[in-house]
Amino acid sequence: LVVYITLKSKSDAYELTLFIIGMTYLYLKLITIKRFSIGLKALMHTILFCIASFLITMYFGAELQEIWYRADEGDARLTLMTNAFLATLHSPLVGFGAGSFSGLFEPFKGLEAHNNFLDFSMQFGFIFPIILYYYILKSFVISLQRNEYLLGSFILGFLVSGLFHFSGRHFIFWVELAALMNYSNGNKVFD
């Protein structure tokens, strides 16, 4: 019911997040490699991911490009992300504080990057989002080690949704991050 209602919002980022969650869950359930070390598993999954990406791009490249151009609104998102990165380079350690510092044509034109990592880096420097993403990625690895594939799929969806939307300005981001930090420190999220 929740998925149906939120699909009515017609959010490209939300639809992509649902797709990533579903595909990741199916992938992890179907391709389970239990007897190898975590490093060998990561290597094997990376190779499979690259092969799948190549095949998907080869067979559905034109359709994916069409979807991207429609969702990107004329190259606006990539430009905002590029200008956010350039703005962050002016103060890479501490950022500029609260505000929006990207722009469509150049940095510092009062727009968000629509990317959690880059928006946080403009505000607080590169160190702050690196710390946040450390805990998120650590949670993802732990979920895979514990064979909690649905949780891992949601964590990956959480990461992907942050690539195209500055959800860090919403309180729910911090609730989810707190749960993941708790989880990454060895606790169960749903006790």
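Residues numbered from 1 in each chain as written. Predicted model: local features only at pLDDT ≥ 70, side-chain atom pairs only at ≥ 80, totals over all residues. Heavy atoms only, no water.

## A short note on the overall build of the protein chain
- For the protein chain, the helix and strand inventory stands at eight helices and zero strands.
- Radius of gyration (C-alpha) of the protein chain: 18 Å, near the 16 Å computed for a compact globule of 191 residues.
- Judged by the C-alpha coordinates and their principal axes, the protein chain covers about 50 × 40 × 35 Å.
- Relative to its 191 residues, the protein chain shows a buried fraction of 34%. (Helix = DSSP H or I, 4+ residues; strand = E, 2+ residues; numbered from the N terminus. Rg over C-alpha atoms; globule rule 2.2 N^0.38 Å. Buried < 20%, exposed > 50% of the residue type's maximum accessible area, 1.4 Å probe, protein only.)

## Remarks on the packing of helix H2 (residues 12-30) against helix H7 (residues 149-161)
- Between H2 and H7, the shortest axis-to-axis distance is 8 Å and the interhelical angle comes to 145°. Once H2 is placed against H7, the crossing between them reads as right-handed. Of H7, the residues touching H2 (which contributes Leu16, Thr17, Ile20, Ile21, Thr24, Tyr25, Leu28 and Lys29) are Tyr149, Leu150, Ser153, Phe154, Leu156, Gly157, Val160 and Ser161.
- Split into classes, the residues belonging to the contact of H2 with H7 amount to ten nonpolar, five polar and one charged. (Axes fitted to C-alpha atoms, helices over the stretch in contact; angles between N-to-C directions. Left-handed = near helix turned anticlockwise from the far one by under 90°. Contact = heavy atoms within 4.5 Å. Nonpolar A, V, L, I, M, F, W, Y, C, P; charged D, E, K, R; others polar.)

## A look at the confidence of the model for the protein chain
- Confidence in the prediction of the protein chain, expressed as mean pLDDT, is 86, and 95% of residues score 70 or more.
- Per-element averaging of pLDDT across the protein chain places helix H1 (residues 2-7) at the bottom with 78 and helix H5 (residues 116-124) at the top with 95. (pLDDT = per-residue confidence, 0-100.)

## Focus on the side chain of Thr24
- With respect to the secondary-structure elements, Thr24 resides in helix H2.
- According to the relative accessible area criterion, Thr24 is buried, its value standing at 13%.
- When neighbours within four sequence positions are excluded, Thr24 is seen to be in contact with Ser153 and Leu156.

## A look at the packing of helix H6 (residues 127-145) against H7
- Viewed as axis vectors pointing N to C, H6 and H7 meet at an angle of 155°, and their least axial separation amounts to 8 Å. Taken together, the axes of H6 and H7 are roughly antiparallel relative to one another. Pair H6 / H7 crosses with left-handed handedness. Residues Tyr133, Ile136, Leu137, Ser139, Phe140, Ser143 and Leu144 of H6 lie in contact with H7, whose contacting residues are Tyr149, Leu151, Gly152, Ile155, Leu156, Phe158 and Leu159.
- Along the lines of polarity and charge, the residues of the contact of H6 with H7 split into eleven nonpolar, three polar and no charged. (Parallel < 35°, antiparallel > 145°, perpendicular 65-115°, else oblique.)

## Here we look at the packing of aromatic side chains
- Under the counting rule described, the total for this entry stands at 15 aromatic pairs.
- Where Phe120 meets Phe128, the ring centres are 5.5 Å apart and the plane angle is 75°; that geometry is what we call edge-to-face.
- An aromatic cluster of at least three residues, connected via ring pairs, comprises Phe120, Phe124, Phe128, Phe158, Phe166, Phe173 and Trp174. (Phe/Tyr/Trp six-rings, centres within 6.5 Å; stacked < 30°, edge-to-face > 60°.)

## Observations regarding unusual backbone geometry
- Of note, His114 is a non-glycine position whose phi angle comes to about 60°, a positive value.
- On the secondary structure map, His114 appears in the loop between helix H4 (76-88) and H5.
- His114 gets classed as partly exposed once you look at its relative accessible area, which sits at 25%.
- The backbone of Asn147 shows a phi angle near 60°, a positive value even though the residue is not glycine.

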